[in-house]
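Geometric and topological summary
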Amino acid sequence: MPDAPGLELIRGEVESDHPGAVLATSFDREQAALIADPAQVLDLLRWLRDTPAQGYSFLSSLHVADYLPAEPRFGVHYELLNRERVERIRVKAMLADPGEDALPEIDSCVGLFPTAHAQEREAFDFFGVVFRGHPELTRILLPDDYVGWPQRRDFPVGGEPVTFTYSEMARG
Amino acid sequence: MADLLADTPDAGLSEDRTTEVMTVNIGPHHPATHGVLRLVVDLEGEIVRECKPVIGYVHTGIEKSCEDKSYWKVIPFVERMDYVSYFFQMEAYCGAVERLIGLEIPPRAKYLRTLFLELNRIHSHLVWLGTTALDLGAISMLWYCFRERDRILDLFEMATGQRMHTRYFQVGGVIEDIPLGFEEKCRKFVEDMPVRVGQYEALLDRNEVFLQRTKGVGAVSRERLLELGVTGPLLRAAGEPWDLRKAFDYLAYPEMDFKIPVGTVGDNYDRYRVRMAEMVESTRIVGQCLEALPEGPFIAEDRKYVLPPRSELSTSMESLIHHFKLVTEGFRVEPGEVYYGIESPRGELGCFVLADGSAKPARVHFRDPSFVNLQAFRDMAVDTYVADMICSLGMLDPILGGVDR
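Each chain carries its own residue numbering, running from 1 in the direction its sequence is written. Going through the entries in the order they are written, you letter the chains from A and number the ligands from 1. Given that the model is predicted, a residue must reach a pLDDT of at least 70 before its local features are reported, and side-chain atom pairs must reach 80 or more before they are shown or counted; all residues, however, enter totals for whole chains, interfaces and linings.

A word on the overall build of chain B
What counts, and what does not: Helix and strand assignments come from DSSP, with helices taken as H or I runs of at least 4 residues and strands as E runs of at least 2, each series counted from the N terminus. Radius of gyration: C-alpha atoms only; globule rule: 2.2 Å multiplied by the number of residues to the exponent 0.38. Here a residue counts as buried when 20 or more other C-beta atoms sit within 10 Å of its C-beta, as exposed when there are 12 or fewer, and as partly exposed otherwise, the C-beta atoms being derived from the backbone. Throughout, a pair of residues is in contact if the C-beta atoms placed from their backbones lie within 7 Å.
A count of helical and extended segments in chain B gives 19 helices and 10 strands. For a compact globule of 405 residues, the expected C-alpha radius of gyration is about 22 Å, and chain B comes in at 23 Å, within 12% of that figure. Along the first, second and third principal axes, the C-alpha set of chain B runs to 85 × 45 × 35 Å. Within chain B, the fraction of its 405 residues that count as buried is 53%. Taking the intrachain contacts of chain B between residues at least 6 apart in sequence as the baseline, contacts between residues at least 24 apart amount to 69%.

The structure is reproduced here in structure tokens:
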């Protein structure tokens, strides 16, 4: 786990190759995170994967969290792992909500980490985050004709209409 | 591929018979899919040319429901994701919350958790072995495996009151100490289990049908598995000694003496061998936990997060207040986020918890190993026979409750 000064070192090194790719760093509860510019997140991930001194070659998990009411609202998390040094680092790209009619977009990292295929589909399914360049961005767990993004914080629990309404009607 | 085609009975027939591709739907309700998994398979004769798993049939929105529950009420929810390895789900979640609030758990709780996790690992592997051997025609294996599984469930029932979905782990430790007589019963199990594993191996290892069905079937290279994010016994069977229990420092694993079994070629036989060896290693860990079980409290003392003992409720006003606060509202967690990964029987089980300062988590996400591992299924199944695909699916060991959550 890189500590807070270690994170700053990484940030400095990234800055020379990809200026502006890292917007900020955070070291909280012994977990290191780089907050990335969403437009350059692929460059940053590739750099972390391919730079010999970094070697974060394994993507443990890709998930999205909704930080409502904060803005930008959606955080795409990449949990990277260096298996030689046994170190984890989190890359976090924050996406703003483009409003009612549009969906937030970010580049797909399937080309870098094939494991992200299903996880990006899951993130799309539940948050409506569009991963540009994903080979098959369809719903994965919910039905194809489902409307809405249920894991968003403004989607109410119980917002799903009850399919089997017979007993409800019979009992009132 | 060409030689595989030459093996088929159709090979000598007219060309259109062998090259005709038929799309067949297997599942979602099919006993060989080990749950509610649908496979859309393109078949050329008996050979799988393309295979697409379709999931989501048991999606229940557990992650969303967790956002509506206070932290301690989430525990029984997450257990029901991967319903064969419930202790692991609890550990991933409770561990993540403990890291969020910075709560250290007492040594005895660490050992008890380790003990139950490893019992659960044996239990999970027994379910895998029984059902997969059943798929391959070894029907008696199911009964032998479930006989030992029942002894583990008896132990769970003895300590927790429940056979499955025990809700035994709490934020801060475990809910109750192990009862009198548990240790003895558990020791007996630790003595017996390696013998039983030897008996299973005697049934399967020289069984020609079993060997032919598993050896050289469904092999995927180590590099490809790593690309696909596959972890756990599948990765170790391909020769990669990667185990979070050794890599990261959590619970009592650093004090335990155990080996990581690895395979060589990563075919279905290696996957079988690795899991068999893991059962023996887990038994050793259980034995060591019993040997070295430290005395002391089994749950942290911090009254802000941990329920006071029942005896205090009638004597201490303060305890009563804490109890009331914890049961009604739950505890609040300062904003922050934590990802905590542990080694489940199927690989890396990660839990991501986002706290927003309230008494309910703002997001609970599980990186379920079955969900990620299932992506390797296409590589395992394509260009093998349908029957081998079923074998590979069994050896992949997905739990669909965990896949769909």
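A closer look at the sheet that holds strand β10 (residues 361-367) of chain B
Residues and elements named next belong to chain B. Our working definition: In short, DSSP must find at least two bridges between two strands for them to pair. Inter-axis angles, ranging from 0 to 180 degrees, are taken between N-to-C directions of lines fitted to C-alpha atoms, where helices are fitted over the stretch in contact.
Judged by pairing direction, the sheet is antiparallel, and its three strands sit side by side in the order β8-β9-β10 without closing on themselves. Of all strands in the sheet, those bounded by a partner on one side alone are β8 (336-344) and β10. When the angles between neighbouring strand axes are averaged without regard to direction, this sheet yields 15°. Pairing of β8 with strand β9 (residues 347-355), which is carried by nine bridges, proceeds in the antiparallel orientation. For Val338, the partnering residue across the bridge sits in β9 and is Val353.

Focus: the interface of chain A and chain B
Keep this limit in mind: In this count, Pro and Cys sit with the nonpolar residues alongside Ala, Val, Leu, Ile, Met, Phe, Trp and Tyr, while Asp, Glu, Lys and Arg are called charged and the others, Gly among them, polar.
With 24 residues of chain A at the interface, the matching set in chain B holds 32 residues. Of all the elements in the fold, those that place two or more residues in the side of chain A that touches chain B are β3 (58-66) and α3 (116-127) of chain A. With seven residues, the top contributor of residues to the side of chain A that touches chain B is β3 of chain A. Tallied by class, the residues present in the side of chain A that touches chain B amount to 11 nonpolar, seven polar and six charged.

Describing the confidence of the model for chain B
Selection criterion: Per-residue confidence from the prediction method is given by pLDDT, with values spanning 0 to 100.
Looking at chain B, the pLDDT average stands at 89 and 96% of residues meet or exceed 70. Complex prediction metrics read pTM 0.90 and ipTM 0.88.

Side note on the environment of Met276 of chain B
All names here are of chain B. Mapped onto the elements, Met276 comes out in helix α13 (residues 268-292). Classification of Met276 as partly exposed rests on a count of 18 C-beta atoms within 10 Å. Sequence-distant contacts of Met276, defined by excluding residues within four places in its chain, comprise Val197 and Glu201.

Considerations on the nonpolar core
Here is the rule: By convention the nonpolar core is taken to be a set of buried residues drawn from Ala, Val, Leu, Ile, Met, Phe, Trp, Tyr and Cys and joined through C-beta atoms within 7 Å.
Core analysis: the largest hydrophobic core is formed by 165 residues, its most contacted members being Leu44, Val91 and Val129 of chain A together with Tyr93 and Val353 of chain B. A per-element tally of this core places helix α6 (residues 107-135) of chain B first, with 13 residues. Non-local contacts of Leu44 of chain A, meaning those with residues more than four positions away in its chain, are made with Val14, His18, Ala21, Val22, Leu34, Ala36 and Val91 of chain A.

Brief notes about helix α2 (residues 41-50) of chain A
An α-helical turn contains 3.6 residues, so any two residues separated by three or four positions project in the same direction. Convention followed: Picture the helix axis, draw a direction to every C-beta atom, and the arc is the one those directions span.
Buried within α2 of chain A we find Val41, Leu42, Leu44, Leu45 and Leu48 of chain A. The arc that holds the buried residues of α2 of chain A, viewed along the axis, is 160°, so those residues lie on one side.

So, the sheet that holds strand β1 (residues 22-28) of chain A
What holds strands together in a sheet is hydrogen bonding between their backbones, with the strands either parallel or antiparallel. All names here are of chain A. If you walk across this open sheet you meet the five strands as β1-β2-β5-β4-β3, and the pairing is mixed. Across the chains shown, the open sheet's two edge strands, defined by having one partner strand only, are β1 and β3. When the angles between neighbouring strand axes are averaged without regard to direction, this sheet yields 20°. When β1 meets strand β2 (residues 31-36), the two strands line up antiparallel, connected through six bridges. Directly across from Ser26, in β2, lies its bridge partner Ala33. Running over the sheet, helix α1 (residues 4-17) touches β1 and β2 and is turned about 165° from β1. Against the sheet, α2 touches β1, β2, β4 (74-82) and β5 (87-95), its axis set at about 175° to β5.

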